[in-house]
Amino acid sequence: MLRPLPSLSLLTFVLVCCSLWRTVEASYGDRLPEFRECVEVCASENCDPNNHPTHIPFHHRLLFWTCPQECDYTCQHIVTERRLAAGQQVTQFHGKWPFVRVLGMQEPFSVLFSLGNMVAHQNGLAKLRQSIPAAYPLRRYYELFACFGVATWVFSAAFHTRDFLLTEQLDYFAAGAGVLYGMYYTPVRVFRLDRPTPRRRSVLRLWTVLCCALYVAHVAYLKLWRWNYSYNMAANVIVGLVQNALWSYFSWKKWSESHRTWAIWPGVVVAWLMMVMSLELLDFPPLWGALDAHSLWHLGTIGPTILWYNFLVKDAQDDLATGNQKDTKA
């Protein structure tokens, strides 16, 4: 899914691909007779409003846990414990591993590490504002990148806290917006579309309108026509490959000209990502009922996020120091 030398915006792109790469139909665990029987008995004994239904803790009700959902969660773990005792494998339910809740959160470590990524983007935004002058024309594009990053990980944390249709869609749409914005600002930097020449201004306006139209069409198709996981994955892959190629070109060109270490940092980022990406390919039941491959993938994206903002700052400072404001061929 990742190829050499992408921007950090591809972190969000890979996150989308990994998030979409999940079972959306009933899992094997859902079809187990013992699980279905357990849920049915639990609901009949605990969820009848006319027969003293079982009290749900306040912090669970705050996260919209209902009595049938409590039964579903409880039965997942009852069945899992019985299967382990019988020497059988842990199975998924509803496309997810049977996680142990913490304060009502369905996937606590994914929530924690999503928030870690959010903080990394927040700190990156502060670093940009501290280290790059406000007059630098590319700063506002980098600031928007950070804002998209913050939003992406906030909605990721919400989705891993409680998997509803709404949180799922917000997670995917926010991540999709981050991916598309990555494709938007990449050619602005690579081809310096921010420079105030008539031709570049015209190209930038057209590029802005095109990207906005693509995102509106993307959301409209998924919401109004069909919620299509395959299409969503393909769209993000294509967008990611475009910016991948552009940043590959930029990094090679920059290193060839300067031979400075920071020019190859995008390569370090992608190597890092490829390493942690293997966790997704080697998916395993959660350790201690909470730490799975997907949460470790979230943990693994925090470091590259920090490195990428350092790269943006170094690139901007080099651009300012060398007075590299001259036009390239338009």
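Preceding this section is the structure that the text describes.
In what follows, the accompanying structure is described.

Scoring rules and cut-offs
Residues numbered from 1 in each chain as written. Predicted model: local features only at pLDDT ≥ 70, side-chain atom pairs only at ≥ 80, totals over all residues. Heavy atoms only, no water. Axes fitted to C-alpha atoms, helices over the stretch in contact; angles between N-to-C directions. Helix = DSSP H or I, 4+ residues; strand = E, 2+ residues; numbered from the N terminus. Parallel < 35°, antiparallel > 145°, perpendicular 65-115°, else oblique. Left-handed = near helix turned anticlockwise from the far one by under 90°. Contact = heavy atoms within 4.5 Å. Nonpolar A, V, L, I, M, F, W, Y, C, P; charged D, E, K, R; others polar. Expected span 1.5 Å × (residues − 1). Buried < 20%, exposed > 50% of the residue type's maximum accessible area, 1.4 Å probe, protein only. Patch = residues over 30% accessible without salt bridge, like charges linked within 9 Å, V, L, I, M, F, W, Y side chains within 5 Å. Areas by Shrake-Rupley, 256 points an atom, 1.4 Å probe, with all protein chains shown as cover. Salt bridge = Lys/Arg side-chain N within 4 Å of Asp/Glu carboxyl O. Phe/Tyr/Trp six-rings, centres within 6.5 Å; stacked < 30°, edge-to-face > 60°.

Let's talk about the packing of helix 9 (residues 198-225) against helix 10 (residues 229-258)
Right, so step 1: Here helix 9 crosses helix 10 at 170°, and the two axes come no closer than 11 Å. On the basis of their axis angle, the class for helix 9 and helix 10 is roughly antiparallel. Relative to helix 10, helix 9 is oriented so that their crossing is left-handed. Together, H218, Y221 and L222 of helix 9 and Y231, N232 and A235 of helix 10 make up the contact between the two elements.
Right, so step 2: Tallied by class, residues from the contact of helix 9 with helix 10 come to 4 nonpolar, 2 polar and no charged.

With respect to unusual backbone geometry
Phi is mostly negative for residues that are not glycine, and the peptide bonds are mostly trans.
Right, so step 1: Phi angles above zero are rare outside glycine, and F64 is one such case at about 65°.
Right, so step 2: Checked against the element boundaries, F64 lands in the loop between helix 4 (58-62) and helix 5 (67-85).
Right, so step 3: Residue L103 is not a glycine yet carries a positive backbone phi of 55°.
Right, so step 4: Counting through the fold element by element, L103 comes out in the loop between helix 5 and helix 6 (108-131).

Regarding helix 6
Right, so step 1: Here helix 6 spans 34 Å end to end across 24 residues, near enough to the 34 Å set by a 1.5 Å rise per residue.
Right, so step 2: Buried within helix 6 are the following residues: P108, S110, V111, F113, S114, N117, M118, A120, H121, G124, L125 and L128.
Right, so step 3: Looking at the buried side of helix 6, the elements it contacts are helix 7 (139-161), helix 12 (293-300) and helix 13 (302-321).

Regarding the packing of helix 3 (residues 33-46) against helix 5
Right, so step 1: Running from N to C, helix 3 and helix 5 cross one another at 140°; their axes reach a closest spacing of 9 Å. As judged from the angle between their axes, helix 3 and helix 5 are oblique. Crossing angle aside, the handedness with which helix 3 passes helix 5 is right-handed. Residue-level inspection shows E34, F35, C38, V39, C42, A43 and N46 of helix 3 in contact with helix 5, the latter providing C67, C71, D72, C75, Q76, I78 and V79.
Right, so step 2: For the contact of helix 3 with helix 5, a count of residues per class yields 10 nonpolar, 2 polar and 2 charged.

Focus on a nonpolar patch on the surface
Right, so step 1: Judged by side-chain polarity, W255, I264, V268, W272 and M275 come together as a nonpolar surface patch covering roughly 460 Å² of accessible area.
Right, so step 2: Considering the arrangement of structural elements, one finds W272 in helix 11 (residues 265-281).
Right, so step 3: Look at W272 and you get partly exposed, because its relative accessible area is 31%.

Re the pattern of salt bridges
Right, so step 1: Scanning all chains against the criterion turns up 12 salt bridges.
Right, so step 2: For the salt bridge of R192 with D319, the shortest nitrogen-to-oxygen distance reads 2.7 Å. Of this pair, R192 sits in the loop between helix 8 (165-190) and helix 9 while D319 sits in helix 13, and the two are 127 residues apart along the sequence.
Right, so step 3: For K254, the salt bridge is made with D315, and the minimal N-O distance between the two is 3.8 Å. With K254 in helix 10 and D315 in helix 13, this residue pair connects regions lying 61 residues apart in the sequence.

Focus on the packing of aromatic side chains
To describe a pair of aromatic rings, one takes the distance between the centres and the angle between the planes.
Right, so step 1: Per the stated rule, a full pass over the model turns up 18 aromatic pairs.
Right, so step 2: Each ring, one from F109 and one from F113, has its centre 5.7 Å from the other, and the planes form 35°; the classification is tilted. Taken together, the positions of F109 and F113, both in helix 6 and 4 residues apart, correspond to about one turn of that helix.
Right, so step 3: Given the relative accessible area of 30%, F109 is considered partly exposed.

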